[in-house]
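# Commentary on secondary and tertiary structure
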Amino acid sequence: MTVVFASIVLLALLLWLVLPRRQVEREPWEGESPGPALDREELEAAEREVRELDSAADPEEGGEGDDWGPGTARKPE
C-alpha cells in the first residue's frame, strides 16, 4: 500500500515538474488608461467650501440646486 501511495505521489510530482505551466491571465484593468485627469481647481474649491462650513451647519442645507437625488420633491415652477 505504501508503495502505491509513494508511486502516485512521485508520478504527480514528475507531472507537475514536466508539464508546461499555464500563463496567468492579466487582470481586466491592466493595460487600460488611468482615466480623465482630475480638475484640481474644482477639487480645491470643493475642499474650501467644506472647510468653511460651520460645525453646527446641516450638510443637507446648501446652495441652490444641491438637492437633486431620487425621492426629492420637484420644486414648484
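First, a word on what this report is: a plain description of the structure on this page. Just so you know, these numbers come straight off a predicted model, no measurement behind them. In every chain, residue numbers begin from 1 and rise along the written sequence. Only residues with pLDDT of 70 or above have their local features reported here, since the model is predicted, and side-chain atom pairs are shown and tallied only from 80 upward, although totals for entire chains, interfaces and linings are computed over all residues. Think of the side-chain values as coming from all heavy atoms in the structure, minus any hydrogens and water.

### Description of the overall build of the chain
Numbering goes from the N terminus for both helices and strands, where a helix is a DSSP run of H or I of at least four residues and a strand is a run of E of at least two. When its secondary structure is counted, the chain shows two helices and zero strands. Each of the 77 residues in the chain was classed as buried or not, and the buried ones make up 0%. Accessible areas in this description were obtained via Shrake-Rupley with a 1.4 Å probe; residue shielding takes into account the shown protein chains only. Carbon and sulfur atoms provide 58% of the accessible area of the chain, an area that totals close to 8,500 Å². Only protein chains enter the area calculation, which uses a 1.4 Å probe; residues under 20% of their type maximum are buried, those over 50% are exposed, and those in between are partly exposed.

### Things to note about helix α2 (residues 40–52)
Given 3.6 residues per helical turn, the α-helix brings residues three or four places apart onto the same face. To estimate the expected span of a helix, count its residues, drop one, and scale the result by 1.5 Å. With 13 residues, α2 extends 18 Å from end C-alpha to end C-alpha; this agrees with the ideal 18 Å at 1.5 Å per step. Buried residues are scarce in α2, accounting for zero of its 13 residues.

### Describing a negative patch on the surface
Patch membership requires over 30% relative accessible area and the absence of a salt bridge. Like charges are linked within 9 Å, and nonpolar side chains (Val, Leu, Ile, Met, Phe, Trp, Tyr) within 5 Å. Salt bridge criterion: a side-chain nitrogen from Lys or Arg within 4 Å of a carboxyl oxygen from Asp or Glu. His is not counted here, nor are the chain ends, while Lys and Arg score as positive and Asp and Glu score as negative. By convention, charge coordinates are those of NZ in Lys, CZ in Arg, CG in Asp, or CD in Glu. On the surface, Asp 39, Glu 41, Glu 42 and Glu 44 cluster together to form a negatively charged patch. For Glu 41, the location among the structural elements is in helix α2.

### Some details on a nonpolar patch on the surface
Taken together, the side chains of Leu 10, Leu 13, Leu 14, Trp 16, Leu 17 and Val 18 present a nonpolar region at the surface, about 650 Å² in accessible area. Along the chain, Leu 13 turns up in helix α1 (residues 2–18). Look at Leu 13 and you get partly exposed, because its relative accessible area is 42%.

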